[in-house]
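An overview of the molecular structure
Listed here are the chains, written in short residue letters.
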Amino acid sequence: MHIGFIGLGNMGAPMAHNLLKAGHPLRVFDLSPEAVAGLVGAGAQAADSPSDIAHGDTELIITMLPAAPHVKKVYLGADGLIARSRPGLTFIDCSTIDPHSAREVAAAAAEHGNPMLDAPVSGGTGGAAAGTLTFMVGASVADFDRARPVLAAMGKNIVHCGDAGNGQVAKVANNMLLGISMIGVAEAMALGVALGMDAKTLAGVINTSSGRCWSSDTYNPFPGVMENAPASRGYSGGFGSDLMLKDLGLATEAAKQVRQPVILGALAQQLYQSFSAQGHGALDFSAIIGQYCKDT
């Protein structure tokens, strides 16, 4: 299938590489010439603009963009993808944005005759490179079934979450829980160590007891507990605290729209907001333990 790909950042670039490896002809665009050159060197063709990707024999366009304003500009602008695309051309947006914006763009695409799927991902840069991402997809059943083979070239867990916007619903709910659970593990680990317990021993108890969760058994925030976790490499790499702050903001804003209380989610947002304001936004989100253990 001839595919266009817009947004070749830390996630988009490896995803695009995996599409090439799967044999899909690819046209790409990014504001970074270096990012485009990397894909061209692997066999992709460069496009002059986002709308340029919609021309020719492109059958499907994937976007991976930073935030809702970027998605709206690329799709809804006067020179955007919807205005410049022929009816029938399918769009898949893998950006993480709020459900309301996803549904707004999908409705505009549908009105123009373009099927659109929201398909945010989980799995981080490692999963993007390995082709093991989880895709949370909002779309009709028919559109999901048609897009699934393409998504399978980039991920191993492709989940249909319901109609348009529900992929984003799943993503913001999951990441809100992740932020809350990381703060909880950080508090528990800091308390146990402050009371005199060895960090590895405490983690072992938690991970075989009722407190076990992904933030404790796979991504423990205490330094030295897990050698492959960001905590053991100075909190470099991984999922940045500013990205977690963005996702918590999406969750709390979405909650306001439906008058749904997210008390712990809002508190988690404030903790990450404070952490970012202190200049730590580029650190992995597990570095939030620094709010409890100043020597970490």
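Residues numbered from 1 in each chain as written. Predicted model: local features only at pLDDT ≥ 70, side-chain atom pairs only at ≥ 80, totals over all residues. Heavy atoms only, no water.

Right, let's talk about the side chain of D98 for a bit. Mapping D98 onto the fold places it in the loop between strand 5 (90-93) and helix 5 (99-112). Lacking a salt bridge, the buried D98 has K72 as its closest oppositely charged neighbour, with an N-O distance of 5.9 Å. A distance of 2.8 Å separates a polar atom in the side chain of D98 from a polar atom in the side chain of S101. Those residues in contact with D98 that lie beyond four places of it in its chain are A68, Q168 and L250. (Helix = DSSP H or I, 4+ residues; strand = E, 2+ residues; numbered from the N terminus. Buried < 20%, exposed > 50% of the residue type's maximum accessible area, 1.4 Å probe, protein only. Lys, Arg positive; Asp, Glu negative; His and termini not counted. Salt bridge = Lys/Arg side-chain N within 4 Å of Asp/Glu carboxyl O. Polar contact = N/O pair within 3.5 Å; in protein donor to acceptor, adjacent residues only side chain to side chain. Contact = heavy atoms within 4.5 Å.)

Here P223 lies in the loop between helix 10 (214-217) and helix 11 (241-257). On the accessibility criterion, P223 (29% relative accessible area) is partly exposed.

What follows is about the UniProt feature "active site" (unreviewed entry) in the protein chain. Summarizing the sequence annotation, UniProt attributes the feature "active site" (unreviewed entry) to K171 in the numbering used throughout. Here K171 shows up in helix 8 (residues 166-194). The class for K171 is buried, based on a relative accessible area of 7%. (UniProt positions renumbered as here; feature names shortened; annotations may be inferred.)

In this section: helix 1 (residues 12-21). The element helix 1 is extensively covered by neighbouring structure, given that eight of its 10 residues are classed as buried. Looking only at helix 1, the buried set comprises G12, A13, P14, M15, A16, N18, L19 and L20. Backbone geometry just downstream of helix 1 places G23 in the positive-phi region, at approximately 95°.

Another point: the UniProt feature "domain: 6-phosphogluconate dehydrogenase NADP-binding" (unreviewed entry) in the protein chain. As annotated in UniProt, the feature "domain: 6-phosphogluconate dehydrogenase NADP-binding" (unreviewed entry) corresponds to residues 3-162 in the numbering used here. Split by type, residues 3-162 is 41% helix and 23% strand. Its first and last C-alpha atoms lie 24 Å apart.

Another point: the pattern of salt bridges. Scanning all chains against the criterion turns up six salt bridges. Of the charged contacts in the structure, one is a salt bridge between D79 and R84, with a shortest N-O distance of 2.5 Å. What makes D79 partly exposed here is its relative accessible area of 44%. When the shortest N-O distance is used, the salt bridge between E253 and K256 registers 3.2 Å. Separated by three residues within a single helix, E253 and K256 lie in helix 11, roughly one turn from each other. With a relative accessible area of 58%, K256 lands in the exposed category.

Counting across every chain of the model gives four aromatic pairs. Ring plane angle 20° and centroid distance 4.8 Å describe the contact between W214 and Y219, whose orientation is recorded as stacked. Look at Y219 and you get buried, because its relative accessible area is 11%. (Phe/Tyr/Trp six-rings, centres within 6.5 Å; stacked < 30°, edge-to-face > 60°.)

Applying the stated criterion across every chain yields a total of one cavity of 30 Å³ or more. Roughly 50 Å³ of internal volume is contained in the largest cavity. Around the largest cavity, the lining residues are V71, D93, I97, S101, A102, V105, A106, M116, L117, D118, G138 and A164. Sorting the residues of the lining of the largest cavity by element identifies helix 5 and strand 6 (116-118) as the ones contributing at least two each. Examining the composition of the lining of the largest cavity, we find that four residues originate from one element, helix 5, more than from any other. For the lining of the largest cavity, a count of residues per class yields eight nonpolar, two polar and two charged. (1 Å grid on protein atoms, 1.4 Å probe; cavity = no way out; pocket = protein on both sides within 12 Å on 5 of 7 lines; lining within 4 Å. Points joined across faces, edges and corners; volume = space filled by probe spheres on them. Nonpolar A, V, L, I, M, F, W, Y, C, P; charged D, E, K, R; others polar.)

Each domain of the protein chain was delimited in the assignment, giving domain 1 (3-163) and domain 2 (169-291). For domain 1 versus domain 2, the distance between C-alpha centres works out to 29 Å. The partner domain 2 presents nine residues to the 12 residues of domain 1 that form the contact. On the domain 1 side of the contact with domain 2, T96, P99 and M136 bury the most area, a combined 48% of that side's loss. In this structure, the connection of domain 1 to domain 2 is made through zero salt bridges. Per element, the largest residue contribution to the side of domain 1 that touches domain 2 is three residues, and it comes from helix 5. Grouping the amino acids of the side of domain 1 that touches domain 2 by side-chain chemistry returns eight nonpolar, two polar and two charged. (Domains from an automatic or database assignment. Buried area = accessible area lost by both parts, 1.4 Å probe.)

Because side chains alternate across strand 4 (residues 60-63), one face comprises the buried residues L60 and I62, and the other comprises I61 and T63, equally buried. The pairing of strand 1 (residues 3-6) with strand 4 spans four bridges and is parallel. When the sheet's bridge partners are listed, I6 is paired in strand 4 with T63. Here strand 4 runs beside strand 5; their pairing, made up of four bridges, is parallel. Of the residues in strand 5, the one forming a bridge with I61 is F91. (Pairing = 2+ DSSP bridges.)

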